[in-house]
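Chain by chain, the residues run as shown.
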Amino acid sequence: MKNLIFLMMFLAIVLQTNANLVETTCKNTPNYALCVKTLRSDKRSEKGDITTLALIMVDAIKSKANQAANMISKLRHSNPPAAWKDALKDCAFSYKVILTASMPEAIEALTKGDPKFAEDGMVGSSGDAQECEDYFKGTKYSPLSKLNSAVHELSDVGRAIVRNLL
Amino acid sequence: MQKNNMALSNSEETNNGVHYTQLPESDNNSGSPPTRYRQPKRMTFMILTGLVAFLLFFVAVRYGNYEETDNVNPGPVPPQETVCNMLGSNLMPLTTMTMLARGVAQGVSAKSRGHFLGARPFPWTKKMLAWQRTSFHFQPKKNWMNDPNGPLFYKGWYHLFYQYNPEAAVWGNIVWGHAVSRDLIHWQHLPVAMVADQWYDINGVWTGSATILPDGNLVMLYTGSTNESVQVQNLAYPADPSDPLLRKWVKYEGNPVLVPPPGIAKKDFRDPTTAWTTPEGKWRITIGSKVNKTGISLVYDTIDFKNFELLEGVLHGVPGTGMWECVDFYPVSKIAENGLDTSENGPAVKHVLKSSLDDDRNDYYALGTYDAVAGKWVPDNPIIDVGIGLRYDYGNFYASKSFYDQEKMRRVLWAWITESDSEAADICKGWASLQPIPRTIKFDKKTGSNIITWPVAEVENLRLNSKEFDNVKVKPGSVVPLEVGSATQLDIMAEFEVDPKVLERIDGSNATYDCKSGGGSTERGALGPFGLMVLTDSGLSEQTPIYFYIAKDATGNFNTHFCNDITRSSEATDVRKLIYGSTIPVLQGEKLTLRTLVDHSIVESFAQGGRAAITSRVYPTKAIYEDAKVYLFNNATDISVTATVKIWQMDSANIQSI
């Protein structure tokens, strides 16, 4: 039992130290709250180094981007308003780029050890999410605002995390 | 890695009536176990339960999504034209858009629009994107390229290897691409030279350099990223030295020959240089790295390229510069016109140390003195040390590498010219990145404090017809068209004269100026800006000015700035638009001279015979094909400028595959 207590205390210390890494890393990003929330929601942030934190962010972006891609697809096949047709088509491409090019690039760069290309991937996904939102300019509203915003913000946070590795 | 995503891309086009639960949009991935900081009492059990529950929830949320899309029927492959949905034909006509905008003004929620800047993203057309490909610059037929590797001249052929992604127009899956040329201008693509197929380079066959041995044989040292992502150095050599095309390469079975030494992080050890000889008759190389934020260059000696000994200390280091990538180290002659073999040394020699800074993606160099015995180098002027002073090029120019061309006795420079458009556009057009026209490097005998780079003479063989414009007077605030016909492939040589009496008469001021913050080509000063505008349409709605700006300070001293303004180069909103440039020494009696090579989306400019260079990437939407034109301009308020310009049309280089 004593050993167990020591083990738990040790674990608590390790977790506490890494909690600090999460905080200090997130302080250098444009959205501290989002950064901390996203990282803490992933178990890997308890012991992970900065590369791991960046990978957590990539996964969060992929998750939101997948949701966006699904929503776009669903909307396109459910008789969307004429005003949305082209925006949805263009957005489909934007998210395709994020999911099939920018995020794989970021993962490869982070895992293989050349992080500057992860920064490129983040810049790419940030820009593409913003473009998708802007495709809806001139229509009543954007059905993807929340998701576009999420991908955009997460990408900007991700980019800031990656810069620590350069 | 790409395979999973292929399935995804098919499914999104044809996800037809597959019912699935729409996920809530709020990021409820925050299943963070609340049990983390509880009292130790029943902690084990609580934590375990919590973890299991969390894991299950996490997996359901993250992977449930994926499953659904993967199970969708693939359906028909989308036709080629719709693969890239940035094409103009998919857009609403302009009139409809305007009407909608007016009508829905009230309906637009301020909250949702608030934080995105900019107008509707630019609708690139196939035609606009196709124009961007160059005609006489080196680039692979498709996909991504970055660093030049192992450039060399061997048995009558120039060789260029390069970091290449055979699968996509973004970085990844890197292999060594390969091409050969007789003249550094007309290239033939060869099969890939090296792939990531050993444990010691399975995560990357990265940048390296060639060394030609006195007996004519050659060895290649390159960085591999191992199966554990450790950066190591490996030896490779031609499988068949009698093949002048060096098509096949063999990796030394004893690789890696170098691993990160103590005190160096395993991901901060890459890009070995060409070797040079030491006074003891050994070979010596240098490899960039960093310690905290100090960029450094480690030194190794070797006899056989298989066993190395680390020298104490470093060749040089500069605090605050971060990781040194693609270090290059070579001699230049203070007196001769020719380049020098990497092993040359002596009193008439200076050594250039160059580094690519990971932090800011620029290449920096400094002139200095090399102590061959100690294996150390010191800069002539520590104020403009490596990483904090001069650059090979003040624009887009990174990961450069030089080699000694023993055939023509010159030192030649390659580099990675990245795109400055969006990744999406690169995917759409199917390629990314260029090499510059290779440049010769020489010591600037006139200033003694910098080098000169200049496009290799062979590029002049592409010159077709020319047109000359002599002594054109360009008054303040004017633009003069230069009629040359087609203006997307040009070699321009220009000279500018300003009346020295006017220069004397003008009052100086204490206002500071630099290209970046100087307001660009439309910000008028007494003595500038003036120069050329390329890739400019007749309505001047898109312009790429390259110009001089003379600043006179309160004590009467002149500073000349040489700039390239990209801010007005394109109406597209998704391209990077900066102003590049630097001050440039102009000596007594010198005219201001400018050479610019225009090749579609790349513009390379050289001032004062190559004392400074600026490379930029330009993506006009209107000033393309027959609508691209050239102009002289003078936006200074107080001086007229007399310009003499010679412009050649440039032929294409017809890059082939063997």
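The structure we're discussing is the one just above.
As the structure is a prediction and not an experimental result, all values here were calculated from the model. (Residues numbered from 1 in each chain as written. Chains lettered and ligands numbered in written order. Predicted model: local features only at pLDDT ≥ 70, side-chain atom pairs only at ≥ 80, totals over all residues. Heavy atoms only, no water.)

Some details on the environment of G531 of chain B
Residue and element names in this part refer to chain B. We apply this condition: Only DSSP runs of H or I reaching four residues or more are called helices, and only runs of E reaching two or more are called strands; each is numbered from the N terminus. Any two residues whose heavy atoms approach within 4.5 Å are treated as being in contact.
Along the polypeptide, G531 turns up in strand 26 (residues 530–536). Along the backbone, G531 and N146 are 385 residues apart, and their C-alpha atoms lie at a distance of 31 Å. Those residues in contact with G531 that sit more than four places away from it in its chain are F496, I546, Y547, Y631, L632 and F633.

As for the packing of helix 2 (residues 32–40) of chain A against helix 3 (residues 50–76) of chain A
All names here are of chain A. For clarity, the cut-off: Under this scheme, a helix contributes an axis fitted over its contacting stretch, all axes are lines through C-alpha atoms, and angles between N-to-C directions fall in the 0 to 180 degree range. Put simply, angles under 35 degrees are roughly parallel, angles over 145 are roughly antiparallel, angles from 65 to 115 are roughly perpendicular, and the rest are oblique. Each residue gets one of three labels, nonpolar for Ala, Val, Leu, Ile, Met, Phe, Trp, Tyr, Cys and Pro, charged for Asp, Glu, Lys and Arg, and polar for the others, Gly among them.
Two elements in contact, helix 2 and helix 3, have axes whose closest approach is 9 Å; the angle formed by their N-to-C orientations is 95 degrees. Considering the angle they form, helix 2 stands roughly perpendicular to helix 3. Here C35, T38 and L39 of helix 2 lie close against helix 3, whose contacting residues are L53, I56, M57 and A60. Of the residues contributing to the contact of helix 2 with helix 3, the split by class is six nonpolar, one polar and no charged.

Some points on the packing of aromatic side chains
Keep this limit in mind: Here is the rule: rings of Phe, Tyr and Trp (six-membered ring for Trp) pair when centre to centre is within 6.5 Å. Planes less than 30 degrees apart are stacked, more than 60 are edge-to-face, and the remainder are tilted. As a reminder, the over-ring test applies to NZ of lysine and CZ of arginine, requiring each to be within 6 Å of the ring centre and within 35 degrees of the ring normal.
For the structure shown, the criterion picks out 33 aromatic pairs over all chains. In textbook terms, an aromatic cluster arises when at least three aromatic residues are bridged by ring pairs, as seen for F117 of chain A together with W144, W171, Y398 and W416 of chain B. Taking NZ or CZ as reference, K429 of chain B lies 4.4 Å from the ring centre of W431 of chain B, over its face. Cation over ring: R463 of chain B sits above W648 of chain B, and NZ or CZ is 3.6 Å from the ring centre.

Focus on unusual backbone geometry
Keep in mind that most residues, glycine aside, have a negative phi and that most peptide bonds are trans. Residues and elements named next belong to chain B. Cis geometry is adopted by the peptide bond preceding P256, which originates at N255 and carries an omega value of 0 degrees. Looking at where P256 falls in the secondary structure, it is placed in the loop between strand 8 (249–251) and strand 9 (276–277). Each neighbour pair has its own omega, and for G528 with P529 the value is 5 degrees, a cis peptide bond. You can see P529 is positioned in the loop between helix 7 (500–505) and strand 26.

Some thoughts on the state of the cysteines
Our working definition: Pairs of cysteine sulfur atoms within 2.5 Å are what we label disulfides. When a residue's accessible area, from a 1.4 Å probe over protein chains only, is under 20% of the maximum for its type it is buried; when over 50% it is exposed; and in between it is partly exposed.
In this structure the tally under the stated criterion is three disulfides over all chains. The residue that forms a disulfide with C26 of chain A is C35 of chain A, at a sulfur-sulfur distance of 2.0 Å. Sign of the S-S torsion, about -70 degrees for the bond between C26 of chain A and C35 of chain A, identifies this disulfide as left-handed. Given a relative accessible area of 0%, C26 of chain A falls into the buried group. Here C515 of chain B is linked by a disulfide to C563 of chain B, with a sulfur-sulfur distance of 2.2 Å. Here C515 of chain B and C563 of chain B share a disulfide; its torsion about the S-S bond, -70 degrees, makes the bridge left-handed. Placement of C515 of chain B in the loop between helix 7 and strand 26 and of C563 of chain B in strand 28 (residues 558–565) is noted, with a sequence separation of 48 residues between them. C563 of chain B shares its class with C515 of chain B; the two are buried. Take the cysteines of chain A that form disulfides and number them in order along the sequence; they join up as 1-2, 3-4.

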